[in-house]
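# Fold and contact review
Spelled out from the first residue to the last, the chains are:
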Amino acid sequence: IAGILMFFGVLFFLVRRFFPPERLTARATRKGFERMEALILITVILGFVAEGFRLAVEPTGGSEFVGNALGAFLREHCDPDARLFGFKLLWWVHGLSGSAFLALIAWTPMSHMLLGPVNSALANRRNGVNLPAIDFDVEEDADGNPVRFGAARLADLTQKNLLDASACLWCGRCHEVCPAAQTGKDLSPKKVMTTCAEFIADGRFDDDSLIDVLGREAMFNCTTCAACVQVCPVSNNPAEV
């Protein structure tokens, strides 16, 4: 039953990728989900077929209703050697398919399965924007270096800000609730997070063009309402970024 629910659940999300809501395609679309979702579907199907061959070789009389149905069909249409060969082949193919999915998690958008829980665990317990006040009268820091106000490149952001960008699902829920984005202004919290993620992927931590790509005017469209923080499924804080 769990396998059937997984199959239809993933199938729903895969179909929705081809008929996406506006928020999924706004400003940027993350590629790669479709292939991984298809791999999950294939793995589930291979699991059911492998189970069918197993039960065709050695019926157990258990409650595996899908496997028993497939097993009965295979016993009727396949000879014993073909059933045994099919079971051994499908056992390996199913196992390798599942292992491939696990191995690819860190290298695909499915990395949110790992980064999302970690990011949520490290999120600030105090909701909203929790930035310290800026003293514009200070010209040098304690080491005598000129003070930089705000951030113009990835290197100016905190490690938690960078983790937010890496954990981002590109789902667009923040874009959907942002009053600036929804009233046609240049700011989109989704664009902020996805652009930072792209710069991280390219290793452009000292690239000052980040603020120009996002738009200097756009940053001042933020009302700091923190609606984007409230709605994020992985506890990102686009408003702080």
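Residues numbered from 1 in each chain as written. Predicted model: local features only at pLDDT ≥ 70, side-chain atom pairs only at ≥ 80, totals over all residues. Heavy atoms only, no water.

### Points about the side chain of Arg83
Among the secondary structure elements, Arg83 is positioned in helix α5 (residues 80-104). Buried within the structure, Arg83 lacks any salt-bridge partner; Asp79 is the closest side chain of opposite charge, at an N-O distance of 6.7 Å. Within the structure, Arg83 has its side chain in polar contact with the backbone oxygen of Ala56 (distance 3.4 Å). Residues within four places of Arg83 in sequence aside, it is in contact with Phe53, Ala56, Val57, Leu74, Arg75 and Cys78. (Helix = DSSP H or I, 4+ residues; strand = E, 2+ residues; numbered from the N terminus. Buried < 20%, exposed > 50% of the residue type's maximum accessible area, 1.4 Å probe, protein only. Lys, Arg positive; Asp, Glu negative; His and termini not counted. Salt bridge = Lys/Arg side-chain N within 4 Å of Asp/Glu carboxyl O. Polar contact = N/O pair within 3.5 Å; in protein donor to acceptor, adjacent residues only side chain to side chain. Contact = heavy atoms within 4.5 Å.)

### Looking at the packing of aromatic side chains
Applying the stated criterion across every chain, the model contains 4 aromatic pairs. Ring geometry for Phe7 against Phe8: centres 5.3 Å apart, planes inclined by 85°, an arrangement best described as edge-to-face. What makes Phe7 partly exposed here is its relative accessible area of 21%. It is Arg204 that lies over the ring of Phe199; its NZ or CZ is 3.8 Å from the centre. (Phe/Tyr/Trp six-rings, centres within 6.5 Å; stacked < 30°, edge-to-face > 60°. Lys NZ or Arg CZ within 6 Å of the ring centre and 35° of its normal.)

### Section: empty space enclosed by the protein
Inspection of the entire model under this criterion finds 2 cavities of 30 Å³ or more. A volume near 90 Å³ is recorded for the largest cavity. For the largest cavity, the lining is made up of 14 residues, of which Cys168, Cys171, Cys174, Cys232 and Asn236 are closest to its centre. Where the lining of the largest cavity is concerned, the elements lending two or more residues are α8 (173-177) and α10 (189-201). Along the lines of polarity and charge, the residues of the lining of the largest cavity split into 10 nonpolar, 2 polar and 2 charged. Within this model, the second largest cavity holds a volume of roughly 30 Å³. For the second largest cavity, the full set of lining residues is Arg17, Leu24, Thr29, Arg30, Phe33, Leu169, Trp170 and Cys171. Taken together, the residues that form the lining of the second largest cavity break down as 5 nonpolar, 1 polar and 2 charged. (1 Å grid on protein atoms, 1.4 Å probe; cavity = no way out; pocket = protein on both sides within 12 Å on 5 of 7 lines; lining within 4 Å. Points joined across faces, edges and corners; volume = space filled by probe spheres on them. Nonpolar A, V, L, I, M, F, W, Y, C, P; charged D, E, K, R; others polar.)

### Description of the side chain of Glu37
Positionally, Glu37 belongs in helix α3 (residues 33-57). Of the side chains bearing the opposite charge, Arg17 lies closest to the buried Glu37, which forms no salt bridge; the N-O distance is 4.2 Å. Ignoring any residue separated from it by four or fewer positions in sequence, one finds Glu37 in contact with Val10, Phe13, Leu14, Arg17 and Met110.

### What to know about the layout of surface pockets
In this structure, the largest pocket spans a volume of roughly 1,200 Å³. Lining of the largest pocket is provided by 43 residues; of these, Leu131, Gly150, Ala151, Glu240 and Val241 occupy positions nearest its centre. Broken down by secondary-structure element, the contributors of at least two residues to the lining of the largest pocket are α9 (179-182), α10, α11 (210-214), α12 (216-219) and α13 (227-231). Classifying every residue of the lining of the largest pocket gives 31 nonpolar, 7 polar and 5 charged. Residue assignment for the lining of the second largest pocket shows that the elements contributing at least two residues are α1 (2-18), α2 (22-25) and α3.

### Notes on a nonpolar patch on the surface
Residues Ile1, Leu5 and Phe65 make up a contiguous nonpolar surface patch of roughly 370 Å² in combined accessible area. The residue Phe65 is located in helix α4 (residues 65-77) in this model. (Patch = residues over 30% accessible without salt bridge, like charges linked within 9 Å, V, L, I, M, F, W, Y side chains within 5 Å. Areas by Shrake-Rupley, 256 points an atom, 1.4 Å probe, with all protein chains shown as cover.)

### A closer look at the pattern of salt bridges
As enumerated under the stated definition, the model contains 9 salt bridges in all. A salt bridge links Arg153 to Asp156, with the shortest nitrogen-to-oxygen separation between them at 3.2 Å. Asp156 sits in the partly exposed class, given a relative accessible area of 24%. Through salt bridges with shared partners, a single ionic network connects Glu51, Arg54 and Glu64.

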